[in-house]
Amino acid sequence: MLILYTLFLTIVPRTAYAQTGGITVSGTVKDGDGNTLPGVTIKIQNTQTGTVTDALGNYKIKIPNAKAVLVFSFIGYSTQLRPTGNQTVINVTLKEIDSKLNEVVVVGYGSQKRRDVTGAIASIKSDQMDTFAGGSLNTSLQGKIAGLQITTDSGEPGAGANFTLRGVSSVNGNSSPLIIIDGLPVNNDSFTSAQDGATFSPLNDLNPSDIESIEVLKDAATASIYGARASNGVILITTKSGKGQRPQISFSQNASSVGLYRKIGILNGPEWRSAYTEAIYNSTGALTTKVSVIDSLHPYYRDSYDWQDVMYRRSLQYKTDVSVRGSSKDNAMDYYVSAGFRNLAPIIIETNYKQAYASARTNYKISSFLRGSTNFNLSNYTYNRLNTGNSTSSVMFTYLVTMPVYSPYDPITGQIINLFDGSKPSPLAQAIYSTNKIERSRLLGQQEFVLTLAKGLDIRSTLGVDYSNTNTYYFSPPQLSTATSPKSVFSIYNPIINNSLVNENTITYQKSFNNHNINVLFGESYQFNKTNNLNLRGSGFIDNVITTIGGAANIDLFTQSITQSVLQSFFSRVNYNYKSKYLFSALLRRDGSSRFGADNRYAYFPSVSGGWRFTEEKFLNTNKILDGKLRASYGITGNQNIGDYASTGSYSNAGKYLGAVSVISDGLPNPNLKWETTRQFDIGTDLTFFSGRFNLSVDYYVKNTNDLLFNVQIPSQTGYSTIPYNFGGLSNKGVDIQLDGMLINKKVKWSSVVTFGLNRNKITSLPDGQDYRPTALSLARVGYPVGVFYGYRSLGVYAHDADNVYKTDANGTVIPFRKGSATGAVYKGGDEIYQDVNGDGIINDKDLQIIGNPTPQFFGGFQNTVSYKSFSLAVFVNYVIGNKIFNNLTRSIDGYQFDGNYTIDQVRRWKKQGDITDVPRLVKGDPMENYAPSSRFVEDGSFIRVQNLTLTYRLPGKLLSRVGIRNGNVGLGVNNLAVFGRYTGYDPEVSAGNNPLGFGIDNASFPKSRSYNLSLNISF
């Protein structure tokens, strides 16, 4: 074929166009890298006379006279006009158009030009990072990658987040992608606080200002190189370096004023008194004698407080970054060193977050055949916080249910009131006197050497470490104890050390010959993980001055677990292309994990993919599409997210028995346990059109997961409750679309990026086909999406007692609906109307049904940047459409079984016969379960959020140069500017933990804030 093609190009210059007599001009056409370009069209301007370059990039053309102008054009390159004059030799270098297909992207164990990639990869660059004081990697990625949905657990600093790439791929565990930082696989499991279970993201340990680029490997063709951990996708993070940079010092200062975005509507004092009186009367038939209710003139209860105003504040946050980067003149060495510090005062009183960063990355040439690289990232932070876990034990729930007539301060002495009515701890006292602290340090380090044995043949060896030390403390002081004597004072201490060592060795060979390009990779990887988890609870403290666990008179709880795991892998990959036109890739990885039984310890994860850059074909040559590629892939990836000793069983210390230490088995072994496997097919296209101004990527995928890892329930007579087992399947189908382009490119420039993700998720099988329901609010059921909400279908509220009619018997007697059984209580006016699914006239568990789906219909983002001269305005909007939220916060507040406030919904509650409303009557204790999980608490979770609005001014270069500054800019912005949606809670972005069965459940989490940001960036 090569011979025929060369012959064709040799003949074409002589036959393609009519050649006339005149001056003969010849030359060679090359690209920016010095490679010759065959097939370039050369025409005489304003004529049809022309030729094309041959296989070696040479051309020859006759021109009529010296005034002729030659036009050189080629797909993917800028057109050049060259006056001939008296020249007879004109050599031309064509500049490649800045097409997205020409950019270099990071892939597993290497990099490629995007045009040569046969899989689905999405990227963002450093200028898209959220570098304001409260910014994080999680917020930087939201809405910017098609198909990647990120839901943060709360608005507190460092909060955990759920990453869902192309749908949920696991029912019983974490669905987060594998994170690789500069080639090092890192721990991405969120950790929890000692007291309240709030989750925190380990990605918070990385400074967004140090990130150069992020690539997301979305399909199996790109992700299967990481095998057993790649079923949820892979995120590759590349930190900044000094390669190709002249020495430069950069300084950045960011300051933000933050405050609560919006409040939840709750009752004021008079409204609460009316509601509470009614609740007691409907329960007992008598009026309350509670002083705080009946005496509105009492000095302790005469005022009305919205406790959100007591507990929230407007605060200042700031972040400072300094970096030095550059390279030597001969590029034999480059460096990037940075340090940063941020002080975040969260919007809840008595909290503070301080974090310091440091990083260094150097690349150096040791000899002509040996080069090395050393890098590390270090983070340390201290977070003084309150109980903010997504549950009814959080301080958010506590202050929302605190009676509005309770004063935070004693009106006579002015002192803080510790306990209301002697038994209810004040949220303000909790904030001031209790200690809840997280201290965390983390080191990511890597050493690499590359030995070049011959041209194109490299041996690479790396050693990496991921070490973290997380200490959480909680101290409950005597001021909050409801006991009279002795006071209940206790402390919890939970240190966790995670240590991961990774050694990887690869051999890479790449060769180009006669337009054939091949790249072969062989490698092996060994990763060792160890976790040491200590949990202590002490009591008997003398006072609240010495609050560490060492000051406890009694150690009530002491547990320690040390777990280890090993992952050993071998992998290979072959990439081939012909003229970057026909593309092929195949890879195979073999992983062995200590987490699985001996017979299933190893598994193979293959993939194959191909691509066709159709715009390189002459018969498809078109000026409308500058560059285009079709690609398809199929592969298998795995998931090993299960306990370290699930296959072997585990043992624990159960205390002492007859004076001796007792050890019990607390985990039933399953030697047949094996991997979850995900098979994924992807077909897509990448297009560049309108002279390189627009880029479009579209992917359709089908992803099927089998052998789901479950803890299956077994009879309690065995002595165990569950056994780990492989059973079940999931299916995900969807479309990812990303369109970016330059809408206006004149004095005013306007660029946009739009992302769109659509996913349809379905459970295809479960153990024995039975529902899996670990919580009261959601379940997994065959044929439905993961985590659908489960409860009663609410049909309204009975306006009259007489409206409760199940049926009428032969005698004309009305038979009403009853609660629980045929002899149960009769629903009356003001009670909730629940749908009787089985039609037996009894409302019980048989009437529970699916009432909502937390999975959105589609989601994405819309980014716009408009610039004029020295000003630029950037606006980023992200959206989630078609999902539902279970507002368990409202349900818990209004259905609170103890004395407390209510939401503003109670203003329209049912009060008397004939009332038409959707809010049932208030009854202390809720005997008719009007506040059972039902569709009444399922709300539309769709939203459009103006995530960021930033105006930047580039400082005048002439002015800066006078003081030795190379460049600089100042910026003014707003984060979380506006949210458009119908959800009535703090924020529509909610999740009860990282398990898919908790997605979309709002239990009262730390609300998100709105920040006004000011920034200064200068470089020397």
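Our subject is the structure that appears above.
All values reported here derive from a predicted model rather than from experimental measurement.

Things to note about the overall build of the chain
Regarding its fold elements, the chain presents ten helices and 58 strands. Expected size for 1020 residues packed as a compact globule is a radius of gyration near 31 Å; at 33 Å, the chain falls within 12% of this value. With the C-alpha coordinates of the chain rotated into their principal frame, the extents come out at 115 × 75 × 65 Å. Counting over 1020 residues, the chain shows a buried share of 52%. Expressed as a percentage of contacts within the chain between residues at least 6 apart in sequence, the contacts between residues at least 24 apart total 69%. For the chain, the separation between the mean place of its 95 positive charges and that of its 76 negative charges on side chains is 11 Å.

A closer look at the packing of aromatic side chains
Overall, the coordinates contain 35 aromatic pairs when judged by the stated rule. Centroid distance phenylalanine 605 to tryptophan 675: 5.8 Å. Interplanar angle 85°. Geometry classified as edge-to-face. One end of the pair, phenylalanine 605, is in strand S32 (residues 602-612); the other, tryptophan 675, is in the loop between strand S35 (660-667) and strand S36 (676-689), and 70 residues separate them in sequence. Residue tryptophan 675 is classed as buried on the basis of its relative accessible area, which comes to 3%. Measuring from centroid to centroid gives 5.9 Å for phenylalanine 689 and phenylalanine 694, while their planes differ by 10°, and the two rings are stacked.

As for the pairing of strand S23 (residues 370-384)
Here strand S22 (residues 352-365) pairs with S23 via 14 bridges, running antiparallel. The residue of S23 that forms the bridge with tyrosine 353 is tyrosine 383.

Describing the nonpolar core
By size, the foremost hydrophobic cluster in this structure holds 56 residues, and its most contacted members are Trp272, Met311, Met396, Tyr399, Leu400, Phe886 and Tyr902. For this core, the secondary-structure elements that each account for two or more residues are helix H4 (269-284), helix H6 (307-311), S23, helix H7 (395-401), helix H8 (427-433) and helix H9 (888-894). The dominant element in this core, judged by the number of residues it contributes, is H7, at six residues. Contacts of leucine 400, omitting those with residues within four sequence positions, involve Ile264, Ile266, Gln308, Leu889, Ile893, Asn901 and Tyr986. One finds Ile181, Val186, Ile214 and Val502 within the second-largest nonpolar core, a separate group that totals 24 residues.

Observations concerning H4
In a regular helix each residue adds 1.5 Å, so 16 residues correspond to 22 Å; H4 covers 22 Å between its end C-alpha atoms and thus fits that length. A distance of 3.0 Å separates the backbone nitrogen of glutamate 271 from a side-chain oxygen at the start of H4, and that oxygen is part of asparagine 268. Just downstream of H4, glycine 285 is the residue with a positive phi angle, here 80°.

Considering the pattern of salt bridges
Scanning the model with the defined rule gives 44 salt bridges in all. Between arginine 166 and aspartate 682 there is a salt bridge; the shortest N-O distance is 2.9 Å. Of this pair, arginine 166 sits in the loop between strand S12 (161-165) and strand S13 (178-181) while aspartate 682 sits in strand S36, placing them 516 residues apart in sequence. With relative accessibility at 1%, the residue aspartate 682 sits in the buried group. We note a salt bridge from aspartate 771 to arginine 781, for which the minimum N-O separation is 2.7 Å.

Observations regarding the side chain of arginine 114
Within the element layout of this structure, arginine 114 appears in the loop between strand S9 (110-113) and strand S10 (121-125). A polar contact of 3.0 Å, which involves the side chain of arginine 114, links it to the backbone oxygen of isoleucine 121.

So, the sheet that holds strand S3 (residues 50-52)
The strand order across the open sheet formed by four strands is S3-S2-S5-S6, and the pairing between neighbours is antiparallel. Because the sheet does not close on itself, it has two edges, and the strands there are S3 and strand S6 (77-83). Between one strand axis and the next, the sheet turns by 15° as a mean value, whatever way the strands run. Sheet analysis places strand S2 (residues 41-44) next to strand S5 (residues 69-74), joined by four bridges and oriented antiparallel. Paired with isoleucine 42 across the two strands is phenylalanine 72, which belongs to S5.

Considering the environment of asparagine 380
Mapped onto the secondary structure, asparagine 380 falls in strand S23. Taking the C-alpha atoms as reference, asparagine 380 lies 39 Å from proline 785; in sequence the two are 405 residues apart. The residues contacting asparagine 380, other than those within four sequence positions of it, are Lys354, Gln355, Ala356, Arg440 and Ser441.

Side note on the environment of arginine 781
Within the secondary structure layout, arginine 781 lies in the loop between strand S42 (778-779) and strand S43 (788-791). Using a relative accessible area of 21% as the deciding quantity, one classes arginine 781 as partly exposed. When the C-alpha positions of arginine 781 and leucine 766 are compared, they lie 7.5 Å apart, and in sequence the two are 15 residues distant. Excluding its chain neighbours within four sequence positions, the residues that come into contact with arginine 781 are Ile763, Leu766, Asp771, Tyr790 and Ile850. Within the structure, the side chain of arginine 781 is placed 2.7 Å from the side chain of aspartate 771, a separation counted as a polar contact.

Here is what the cut-offs are and how they apply
Residues numbered from 1 in each chain as written. Predicted model: local features only at pLDDT ≥ 70, side-chain atom pairs only at ≥ 80, totals over all residues. Heavy atoms only, no water. Helix = DSSP H or I, 4+ residues; strand = E, 2+ residues; numbered from the N terminus. Rg over C-alpha atoms; globule rule 2.2 N^0.38 Å. Buried < 20%, exposed > 50% of the residue type's maximum accessible area, 1.4 Å probe, protein only. Contact = heavy atoms within 4.5 Å. Lys, Arg positive; Asp, Glu negative; His and termini not counted. Charge placed at Lys NZ, Arg CZ, Asp CG, Glu CD. Phe/Tyr/Trp six-rings, centres within 6.5 Å; stacked < 30°, edge-to-face > 60°. Pairing = 2+ DSSP bridges. Core = buried A, V, L, I, M, F, W, Y, C linked by side-chain atoms within 4.5 Å. Expected span 1.5 Å × (residues − 1). Polar contact = N/O pair within 3.5 Å; in protein donor to acceptor, adjacent residues only side chain to side chain. Salt bridge = Lys/Arg side-chain N within 4 Å of Asp/Glu carboxyl O. Axes fitted to C-alpha atoms, helices over the stretch in contact; angles between N-to-C directions.

These results come straight from atomic positions and should not be treated as a statement about function.
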